[in-house]
Amino acid sequence: MKVISVSENPEYRERAIAYFIKHWANKDSEMVYRDCITHCGTGPLPKWYLLMDGDTIAGGAGLISNDFISRMDLYPWLCALYVEREYRGNGYGNLLIQRGKEDARAAGFPRLYLCSDHVGYYEHYGFSPIGTGYHPWGETSGIFMCEL
């Protein structure tokens, strides 16, 4: 397994766009992913990653400035973590989490945040729940933080 940074490997950009749209977007949000991934570059944010098993995409995640959540005072955010079902149960999600942590730390950020309702998962990887955030579409999510 290998984690590919899309900004460091722009030849993966179109595959990454298709992957994240497939797993996270709807008709109204497709362009958000397309535009964000298209414009990830040499700056600290945004970053997008693909977990590769040879030439097969096994998962992905992003490192962004805000994950559609009310706590805009907090950043960066790990987002869109997804591991394909056939690859789950092997700790591969942690490979993506660790890459996000490394890049956030290298950019000088002291903490990394994420929003999720998966209580019990992210705590295994150093995250602690710190509160609740509110999404523009009226839902809430738990907010988790990890010291870097």
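Here the structure is a predicted model, which is why all the values come from computation and not from measurement.

Novice: Looking at this structure, I do not really get unusual backbone geometry. What am I missing?
Specialist: Keep in mind that most residues, glycine aside, have a negative phi and that most peptide bonds are trans. The omega torsion of the bond from Leu 45 to Pro 46 falls at -10 degrees, within 30 degrees of zero and hence cis. Cis geometry is found at the peptide bond from Tyr 75 to Pro 76, where omega equals 0 degrees. With respect to the helices, strands and loops of the structure, Pro 76 is situated in the loop between β3 (56–64) and β4 (77–83). In the Ramachandran plot, Phe 68 falls in the positive-phi region, its phi being about 55 degrees despite a non-glycine side chain. Mapped onto the secondary structure, Phe 68 falls in the loop between β3 and β4. Residue Ala 80 is not a glycine yet carries a positive backbone phi of 55 degrees. Structurally, Ala 80 is set in strand β4.

Novice: Explanation requested: the nonpolar core in the structure shown.
Specialist: Across soluble globular proteins, nonpolar side chains have a tendency to be buried as a group. If you look at the biggest cluster of nonpolar residues, it comprises 25 residues, and the most contacted ones within it are Val 6, Phe 20, Ile 37, Trp 48, Leu 50 and Trp 77. At the level of secondary structure, the elements contributing two or more residues to this core comprise α1 (13–24), α2 (30–38), β2 (47–53), β3, β4, β5 (111–116) and β7 (140–147). Core analysis: the next-biggest nonpolar cluster, separate from the first, contains 20 residues, Ala 61, Phe 109, Leu 114 and Phe 127 among them.

Novice: Mind showing me how you'd approach the packing of α1 against α2 here?
Specialist: Put simply, α1 and α2 touch, their axes get as near as 9 Å, and they point 150 degrees apart. In terms of orientation, α1 and α2 fall into the roughly antiparallel class. As α1 packs across α2, the resulting crossing turns out to be right-handed. Mapping the contact onto sequence places Arg 13, Glu 14, Ala 16, Ile 17, Phe 20, Ile 21 and Trp 24 in α1 and Glu 30, Tyr 33, Arg 34, Ile 37 and Thr 38 in α2. By residue class, the composition of the contact of α1 with α2 is seven nonpolar, one polar and four charged.

Novice: Mind showing me how you'd approach the pairing of strand β6 (residues 128–134) here?
Specialist: The side chains of a regular strand alternate, first on one face of the sheet and then on the other. Here β6 pairs with β7 via six bridges, running antiparallel. Paired with Thr 132 across the two strands is Gly 142, which belongs to β7. Hairpin connection of β6 to β7: five residues between the antiparallel strands, including Gly 138 at a positive phi of 95 degrees.

Novice: How should the environment of Met 72 be read in this particular structure?
Specialist: With respect to the helices, strands and loops of the structure, Met 72 is situated in the loop between β3 and β4. In this structure, the C-alpha to C-alpha distance between Met 72 and Gly 133, residues 61 residues apart in sequence, is 9.7 Å.

Novice: I would appreciate a short explanation of the pattern of salt bridges in the present structure.
Specialist: Charged atoms that come close allow side chains of opposite charge to pair. The full count for this structure, using the stated rule, is seven salt bridges. Between Arg 34 and Glu 14 there is a salt bridge, and its shortest N-O distance comes to 3.7 Å. With Arg 34 in helix α2 and Glu 14 in helix α1, this pair connects stretches of sequence that are 20 residues apart. With relative accessibility at 28%, the residue Arg 34 sits in the partly exposed group. Accessibility expressed as a relative area gives 53% for Glu 14, which makes it exposed. Where Arg 71 meets Asp 73, a salt bridge forms, and the shortest distance between an N and an O atom there is 2.8 Å. By sharing partners, the salt bridges in this structure join Glu 8, Arg 99 and Asp 103 into a single network.

Calculation rules
Residue indices follow the written sequence of each chain, beginning from 1 at its first position. The predicted origin of the model limits local features to residues at a pLDDT of at least 70 and limits the giving and counting of side-chain atom pairs to 80 or more, whereas totals for whole chains, interfaces and linings rest on all residues. As a rule here, side-chain values come from all non-hydrogen atoms in the structure, and water together with hydrogens is ignored. A run of H or I in DSSP becomes a helix once it reaches four residues, and a run of E becomes a strand once it reaches two; helices and strands are each numbered from the N terminus. We define a nonpolar core as any set of buried Ala, Val, Leu, Ile, Met, Phe, Trp, Tyr and Cys residues linked to one another through side-chain atoms lying within 4.5 Å. Only protein chains enter the accessibility calculation, which uses a 1.4 Å probe; a residue is then buried when its area is under 20% of its type maximum, exposed when over 50%, and partly exposed in between. Helix axes are fitted only over the stretch in contact, all axes being lines through C-alpha atoms; the angle between N-to-C directions runs from 0 to 180 degrees. Just so you know how the angles are binned, under 35 degrees is roughly parallel, over 145 roughly antiparallel, 65 to 115 roughly perpendicular, and the rest oblique. Helix crossings are classified by the rotation of the near helix relative to the far one: an anticlockwise turn of less than a right angle makes the crossing left-handed, while a clockwise turn makes it right-handed. Contact criterion: two residues are considered in contact whenever any of their non-hydrogen atoms come within 4.5 Å of each other. Polarity classes work like this: nonpolar for Ala, Val, Leu, Ile, Met, Phe, Trp, Tyr, Cys and Pro, charged for Asp, Glu, Lys and Arg, and polar for all others, with Gly in that last group. DSSP-based pairing: two strands are paired if at least 2 bridges between them are found. For this analysis, a salt bridge means a side-chain nitrogen from Lys or Arg found within 4 Å of a carboxyl oxygen belonging to Asp or Glu.

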